[in-house]
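# Secondary and tertiary structure notes
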Amino acid sequence: MAAPATAGRAVRDVVFVDGVRTPFGKAGPKGMYAETRADDLVVKVIRELLRRHPELPPERVDEVAIAATTQIGDQGLTIGRTAALLAGLPRSVPGYAIDRMCAGAMTAVTSVAGGIAFGAYDVGIAGGVEHMGRHPMGEGVDPNPRFLADRIVDTSALVMGQTAENLHDRFPHISKERADRYAAASQARYDEAHRAGKIAADLVPVATRSAETGWGLAGADEPPRPGTTVETLASLKTPFRPHGRVTAGNAAGLNDGATACVLADEATARELGLPVGMRLVGYAFAGVDPEVMGVGPVPATEKALERTGLSIEDIGLFEVNEAFAVQVLAFLDHFGIADDDPRVNPWGGAIACGHPLASSGVRLMTQLSRHFAERPDVRYGITTMCIGIGMGGTVIWENPHWKSEESLAGSNIEGAGK
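Residues numbered from 1 in each chain as written. Predicted model: local features only at pLDDT ≥ 70, side-chain atom pairs only at ≥ 80, totals over all residues. Heavy atoms only, no water.

- The chain is annotated in an unreviewed UniProt entry as Acetyl-CoA acyltransferase of Allokutzneria albata.
- The UniProt entry for the chain carries this comment under Sequence similarities (unreviewed entry): "Belongs to the thiolase-like superfamily. Thiolase family." (UniProt positions renumbered as here; feature names shortened; annotations may be inferred.)

## Here's the deal with the overall build of the chain
- Helix and strand content of the chain: 13 helices and 12 strands.
- On C-alpha atoms alone, the chain measures out to a radius of gyration of 21 Å, which is about the 22 Å that the 2.2 N^0.38 rule sets for 418 residues.
- With respect to the three principal axes, the spread of C-alpha positions in the chain is 65 × 55 × 55 Å.
- Each charge class in the chain can be summarised by its mean position, and for the 40 positive and 51 negative side chains these summaries are 3 Å apart. (Helix = DSSP H or I, 4+ residues; strand = E, 2+ residues; numbered from the N terminus. Rg over C-alpha atoms; globule rule 2.2 N^0.38 Å. Lys, Arg positive; Asp, Glu negative; His and termini not counted. Charge placed at Lys NZ, Arg CZ, Asp CG, Glu CD.)

## Here's the deal with the packing of aromatic side chains
- Following the criterion strictly, the structure yields four aromatic pairs and no others.
- Plain terms: the ring middles of phenylalanine 16 and tryptophan 397 are 5.9 Å apart, the flat faces sit at 80° to each other, and that makes the pair edge-to-face. A residue pair is termed long-range when its members are at least 10 positions apart, and phenylalanine 16 in strand β1 (residues 14-21) and tryptophan 397 in strand β12 (residues 391-398) qualify at 381 residues.
- On the basis of relative accessible area, tryptophan 397 is assigned to the buried category, the value being 1%.
- The rings of Phe318, Phe331 and Phe335 are connected pair by pair, giving a single aromatic cluster.
- Positioned above the aromatic ring of tyrosine 182 is the side chain of arginine 189, whose terminal nitrogen or guanidinium carbon lies 5.5 Å from the ring centre. (Phe/Tyr/Trp six-rings, centres within 6.5 Å; stacked < 30°, edge-to-face > 60°. Buried < 20%, exposed > 50% of the residue type's maximum accessible area, 1.4 Å probe, protein only. Lys NZ or Arg CZ within 6 Å of the ring centre and 35° of its normal.)

## Quick look at the UniProt feature "active site" (unreviewed entry) in the chain
- In the UniProt entry, the feature "active site" (unreviewed entry) is given for Cys102, His355 and Cys386. Sequence-wise these annotated residues cover 285 residues; spatially they are packed, their C-alpha atoms never more than 11.9 Å apart.
- With sequence-adjacent residues up to four places away left out, cysteine 102 is seen in contact with Thr69, His355, Leu357, Ala358, Met385, Cys386 and Ile387.
- Considering the arrangement of structural elements, one finds histidine 355 in the loop between α11 (350-353) and α12 (360-374). (Contact = heavy atoms within 4.5 Å.)

## Here's the deal with the pairing of strand β10 (residues 315-320)
- β10 sits mainly inside the fold: six of its six residues count as buried.
- Relative to strand β11 (residues 380-387), β10 is paired through five bridges, and the arrangement is parallel. Its bridge partner being in β11, valine 320 is matched across the sheet by threonine 384. (Pairing = 2+ DSSP bridges.)

## Some thoughts on empty space enclosed by the protein
- In total, this model carries one cavity of 30 Å³ or more according to the counting rule given.
- Quantified by volume, the largest cavity comes out at close to 50 Å³.
- Elements supplying a minimum of two residues to the lining of the largest cavity: β1 and α12.
- For the lining of the largest cavity, the element with the highest residue contribution is α12, accounting for four residues.
- Tallied by class, residues from the lining of the largest cavity come to three nonpolar, two polar and three charged. (1 Å grid on protein atoms, 1.4 Å probe; cavity = no way out; pocket = protein on both sides within 12 Å on 5 of 7 lines; lining within 4 Å. Points joined across faces, edges and corners; volume = space filled by probe spheres on them. Nonpolar A, V, L, I, M, F, W, Y, C, P; charged D, E, K, R; others polar.)

Structure below.
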């Protein structure tokens, strides 16, 4: 009997080609996407990827994986497939939907990447969408009563803001004032990056329509609050607990938006002339107590580092999703990283720009890819995030533009001699 065709097949290198996103909006009737469909947001980012990369024949796309946390209405119906059809991809291109709450897009990437590494795909599109204005988190769900009756989870595990308060309880040295300082710094870093033109390059403008105001154009993120200070944050209410520490100012808001990226086998990317933004090194997901889900990035990162043979000292850039300031601070404390370390979220994070749940993973990756292009001195970076119901996810990437210190020193000497 002949051996299977896959016998002895080597794992292939997977690369992140490019990523884009819509501007992120505020959820609700006054948000800029209040009357825009979720699937139309996905269509917009897929079309933009194809527009930016005419060297990619649409028929070469082997899979489209799109995540959504609340898979009903206009972000249901196997949205990876339906959005692919609406975006004009050939009918031969399959697609599917995926859900891992906040890490939906991250999981879409790792799932497609696994298929590419194995040889099932050469090129794939992965991303996520969340229209929290149309579909609030938890809409339509029916948690099994045994979760509470059998004490499988604490009651607070089902309310993300309460899990953040629980994290403050677990790490009492992370005070509200410290969380507010971090949040104000995130707003400032985002504003600086926005003014420098770093953010707009990744945004896909979206035509919007409102019965009250008519047609408009969403060209920038709606949530940022430039000029935020620790003093203004100190006065905000703590909605999840009387005299608590979590506020609307030191947490990401409720948002709408979509992201997508192109992944490929590195040899295929070279063949087609596609750019290589990052090279996938490894990833890991880990479970934690659901009532302190914000600590999830810690074991996920430890697991990813162990499996790749790297240490935290090897990581030169961090894109950490800012669901809550306390969650980021717990991660930084665990690994001995300062709150204001310039390697962490150099362009700010979700506290400023927003966190449309299942879409955020690709935002982190796209930004890390941009950092890599500017930082040939950095070899490895990570994207990491906490995940509802008690999980964390981390993906480690390698910079294809990396040059050793010796190479950089040689380049500087050569440049100085000219």
